[in-house]
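For reference, the chains in residue letters:
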Amino acid sequence: MSFLVDSVIMFTSQVLFFGFGWLFFMRQLFKDYEVRQYVVQVVFSVTFAFSCTMFELIIFEILGALSSSSRYFHWKLNLYVILLVLIFVVPFYIGYFVVSNIRLLQKQRLLFACMVWFTFMYFFWKLGDPFPILSPKHGILSIEQLISRVGVIGVTLMALLSGFGAVNCPYTYMSYFLRNVTDSDILALERRLLQTMDMIVSKKKRIAMTRRQMFQRGEDQNKQTRFWEMIKSVTSTQTGSENLSQIQQEVDALEELSRQLFLETVDLHATKERIEYSKTFQGKYFNFLGYFFSIYCVWKIFMATINIVFDRVGKTDPVTRGIEITVNYLGIQFDVKFWSQHISFILVGIIIVTSIRGLLITLTKFFYAISSSKSSNVIVLVLAQIMGMYFVSSVLLMRMSMPLEYRSIVTEVLGELQFNFYHRWFDVIFLVSALSSILFLYLAHKQAPEKHMAL
Amino acid sequence: MATLDRVKILVLGDSGVGKSSLVHLLCQNQVLGNPSWTVGCSVDVRIHDYKEGTPDEKTFYIELWDVGGSVGSASSIKSTRAVFYNSVNGIVLVHDLTNKKSSQNLYRWTLEAIYKDSSPTGIIVSNGEYDREQFVENPLPLLLIGTKFDQIPENKRNEVLTRTAFLSEDFNAEEINLVGLLMAGFTDRKRFNFKSLHYD
């Protein structure tokens with residue numbers, strides 16, 4: 001009986017999450033586009049719903065809600081469904097939509113989509129070989145094989161995003177890094193842009209006029225029959241066409257220049273807006289946060305290096321360690337069991353909520369930046385895939401943040417994965433990503449003022 | 001050669017509706033083989049004999065300024081686009097007949113072009129509600145063009161045509177529907193019937 005009640009609760013919450021994913025899709029991601037393929041929307045919402053359900057199960061685990069056997073059942077069920085979606089459904093549809101966009105392959109869309117999917121599966125399987133993820137006693141088609149690979153991809157993504165985010169966040173927040181842009185800079189650049197456009201226009205007018213004259217002369221020539229008139233016309237059209245191709249080349253070069261000038265002007269406008277924003281109260285608040293985050297970022301990089309160098313993996317989670325410290329060093333006595341449950345609930349809850357929110361915001365920004373009406377379906381599906389893998393590996397890594405008694409369910413369900421490997425892998429990729437982001441941002445920052453010196 | 005009078009026309013519309021292809025077709029009399037995103041603005045020129053055959057005949061350069069981007073662009077992009085909207089003689093609005101959103105976005109495009117002096121969010125148009133008064137005082141002639149008509153299945157064509165008729169009435173604009181044929185050979189060949197183009 002309790003199993004039925006629990007199932008109803010789980011199902012209701014899944015429907016709620018599905019609705020939220022649907023709304024997010026309609027209102028945020030696709031608000032400028034027409035949704036024609038409902039399958040994309042459904043797939044996205046389903047991925048979102050099942051990912052959130054996993055987090056919900058962790059919370060229930062900590063709170064002790066629902067009976068333990070039904071929790072275990074739902075864990076298994078959820079995991080199977082998510083793996084099914086991430087490995088079979090989403091890649092197939094990505095392949096299908098990519099193939100649909102290429103006109104050559106329109107006729108045999110399904111065939112090519114299947115071929116793409118098989119290629120994906122091949123590389124997916126090969127991914128597991130270089131990593132010491134599994135103990136050899138598992139068979140080929142066990143769930144651990146699939147999860148381990150999904151986990152590797154997801155953890156890599158998480159570490160890349162965290163590394164870049166940890167560095168980029170202080171860079172964007174702090175106004176120390178803002179270049180100085182004045183109104184006259186912008187006006188000068190705009191004037192250059194308009195001059196270039198005018199030059200393009202006048203050259204195109206010459207081309208059009210020359211072509212029109214050639215055309216008219218060509219018509220007149222049809223009426224002439226004299227031999228030497230024809231020779232004269234040949235030579236004059238030849239010089240005409242030589243002239244034409246030269247002007248055309250100049251036009252192409254000017255058009256390229258105009259595009260670059262346009263992008264530079266956009267950049268200047270954006271910087272000017274950021275400068276204005278930084279003068280407001282909100283801007284000052286973010287500036288302060290930026291200093292705080294830069295210290296946090298440096299600390300994280302330091303810790304990651306220590307972890308790798310000294311080959312150290314944390315055995316206890318922050319909550320227990322925090323409680324130990326307070327009990328042992330500060331001498332404050334309180335009910336460990338009671339508090340550890342609540343504190344870990346709050347901590348895990350915060351981690352979940354901020355990571356979901358952060359991911360959705362990043363996805364939205366990314367989507368606006370690179371999508372167009374042709375590729376929007378493919379991009380949404382790719383984002384759904386990333387989101388699913390990110391959430392699965394969050395569950396993997398979150399195991400470390402929970403006290404021992406709650407880790408058991410995750411360990412039980414996910415099987416015998418080498419969890420330590422994942423943490424080490426996360427640290428390595430995080431370090432690599434953070435350092436390369438620092439390098440990249442440094443180069444970009446250095447290069448920009450030089451461009452404006454040339455004006 | 002530059003002594004002919006010039007007429008500057010803006011070609012506005014969402015990404016991917018076919019503005020660059022349209023401009024290329026009008027000016028080069030050929031189909032654009034590989035359309036790609038327009039970054040910034042691309043201009044093309046056509047020589048037009050106004051009132052051909054009559055004693056009033058005059059030859060003009062028609063400059064078609066094809067501005068790229070979408071209405072949802074960042075405000076830095078919108079401020080940069082505003083430099084192209086100076087001294088415009090007319091506006092061609094292009095929308096995709098298979099995509100309703102692109103027609104709705106045309107209101108915002110027109111407002112952006114006409115009220116380029118005020119900030120981009122100065123006049124808010126929400127989801128189809130708008131003020132016809134704004135377009136009545138508008139001195140610029142507007143032309144509404146719908147593309148990709150052939151990609152609409154037969155049974156929906158009437159519905160689409162009535163919708164666009166309302167749209168052109170709202171704008172007080174002339175309307176033309178373009179037929180684009182996707183043939184074997186991977187090229188878009190666009191056949192269209194022009195009624196007449198007239199400018200102030």
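Residues numbered from 1 in each chain as written. Chains lettered and ligands numbered in written order. Predicted model: local features only at pLDDT ≥ 70, side-chain atom pairs only at ≥ 80, totals over all residues. Heavy atoms only, no water.

The name recorded for chain B in an unreviewed UniProt entry is Rab-like protein 3, from Kryptolebias marmoratus. Among the UniProt annotations of chain B, the heading Function (unreviewed entry) holds the following wording: "Required for KRAS signaling regulation and modulation of cell proliferation. Regulator of KRAS prenylation, and probably prenylation of other small GTPases. Required for lymphocyte development and function. Not required for myeloid cell development." Its UniProt record, at the heading Sequence similarities (unreviewed entry), says of chain B: "Belongs to the small GTPase superfamily. Rab family." (UniProt positions renumbered as here; feature names shortened; annotations may be inferred.)

The name that an unreviewed UniProt entry assigns to chain A is G protein-coupled receptor 89B, with the source organism given as Kryptolebias marmoratus. According to the UniProt record, the Sequence similarities (unreviewed entry) comment for chain A is "Belongs to the Golgi pH regulator (TC 1.A.38) family." For the record of chain A, the UniProt heading Subcellular location (unreviewed entry) holds the text "Membrane".

Novice: Can you walk me through the pairing of strand 3 (residues 58–67) of chain B in this structure?
Specialist: Residues and elements named next belong to chain B. The buried fraction of strand 3 is high, at 9 of 10 residues. Relative to strand 3, strand 1 (residues 5–12) is paired through 7 bridges, and the arrangement is parallel. Bridge pairing in strand 3 places Arg6 opposite Tyr61. (Buried < 20%, exposed > 50% of the residue type's maximum accessible area, 1.4 Å probe, protein only. Helix = DSSP H or I, 4+ residues; strand = E, 2+ residues; numbered from the N terminus. Pairing = 2+ DSSP bridges.)

Novice: Can you walk me through the environment of Val380 of chain A in this structure?
Specialist: Residues and elements named next belong to chain A. Here Val380 shows up in helix 11 (residues 376–398). Sequence separation between Val380 and Thr364 is 16 residues; the distance between their C-alpha atoms is 9.7 Å. In contact with Val380, other than residues within four places in its own chain, are Phe25, Phe30, Val40, Phe44 and Phe367. (Contact = heavy atoms within 4.5 Å.)

Novice: Could you clarify how one ought to interpret helix 1 (residues 2–29) of chain A in this entry?
Specialist: Since the α-helix advances by 3.6 residues per turn, residues separated by three or four positions end up pointing in the same direction. In a regular helix each residue adds 1.5 Å, so 28 residues correspond to 40 Å; helix 1 of chain A covers 39 Å between its end C-alpha atoms and thus fits that length. Here helix 1 of chain A has its buried residues at Asp6, Ser7, Met10, Ser13, Gln14, Gly21, Phe24, Phe25 and Leu29 of chain A. (Expected span 1.5 Å × (residues − 1).)

Novice: For this particular structure, what's the right way to read the packing of aromatic side chains?
Specialist: The geometry of two aromatic rings is summed up by the distance between their centres and the angle between their planes. All names here are of chain A. The tally for this structure, following the rule as stated, stands at 15 aromatic pairs over all chains. Note on Tyr96 and Phe97: the rings are 5.6 Å apart at their centroids and 75 degrees apart in plane angle, and the pair reads as edge-to-face. Judged by relative accessible area, Tyr96 falls into the partly exposed class, the value being 21%. With centroids separated by 6.2 Å and ring planes inclined at 10 degrees, the aromatic side chains of Phe426 and Phe430 adopt a geometry described as stacked. On the criterion of helical spacing, the pair formed by Phe426 and Phe430 is a turn pair, its members being 4 residues apart in helix 13 (residues 419–453). For the pair shown, Phe426 and Phe430 are each scored as buried. By the ring-pair criterion, three or more aromatic residues cluster together here, those being Phe92, Tyr93, Tyr96 and Phe97. (Phe/Tyr/Trp six-rings, centres within 6.5 Å; stacked < 30°, edge-to-face > 60°.)

Novice: How do you make sense of a nonpolar patch on the surface when you look at a structure like this?
Specialist: The grouping of Phe3, Phe73 and Leu77 of chain A at the surface amounts to a nonpolar patch, some 270 Å² of accessible area in total. With respect to the helices, strands and loops of the structure, Leu77 of chain A is situated in helix 3 (residues 68–101). (Patch = residues over 30% accessible without salt bridge, like charges linked within 9 Å, V, L, I, M, F, W, Y side chains within 5 Å. Areas by Shrake-Rupley, 256 points an atom, 1.4 Å probe, with all protein chains shown as cover. Salt bridge = Lys/Arg side-chain N within 4 Å of Asp/Glu carboxyl O.)

Novice: What am I meant to see in helix 8 (residues 281–309) of chain A here?
Specialist: Over its 29 residues, helix 8 of chain A runs 42 Å from end to end, which matches the ideal 42 Å to within 8%, given 1.5 Å per residue. Listing the buried residues of helix 8 of chain A in full gives Gly283, Asn287, Leu289, Gly290, Cys297, Ile301, Ala304 and Asn307 of chain A.

Novice: Before we go on, may I ask you to explain the pairing of strand 4 (residues 90–96) of chain B in this structure?
Specialist: Note on strand geometry: in a regular strand, side chains alternate between the two faces of the sheet. Residues and elements named next belong to chain B. Burial within strand 4 is extensive, with 7 of its 7 residues counted as buried. The two faces of strand 4 match: Gly90, Val92, Val94 and Asp96 on one face and Ile91, Leu93 and His95 on the other face are all buried. By the bridge criterion, 4 bridges tie strand 1 to strand 4 in an arrangement that is parallel. What sits directly across from Ile9, in strand 4, is Gly90. Where strand 4 lies against strand 5 (residues 142–147), 6 bridges are found, and the strand directions are parallel. Within strand 5, the residue paired with Asp96 across the bridge is Thr147.

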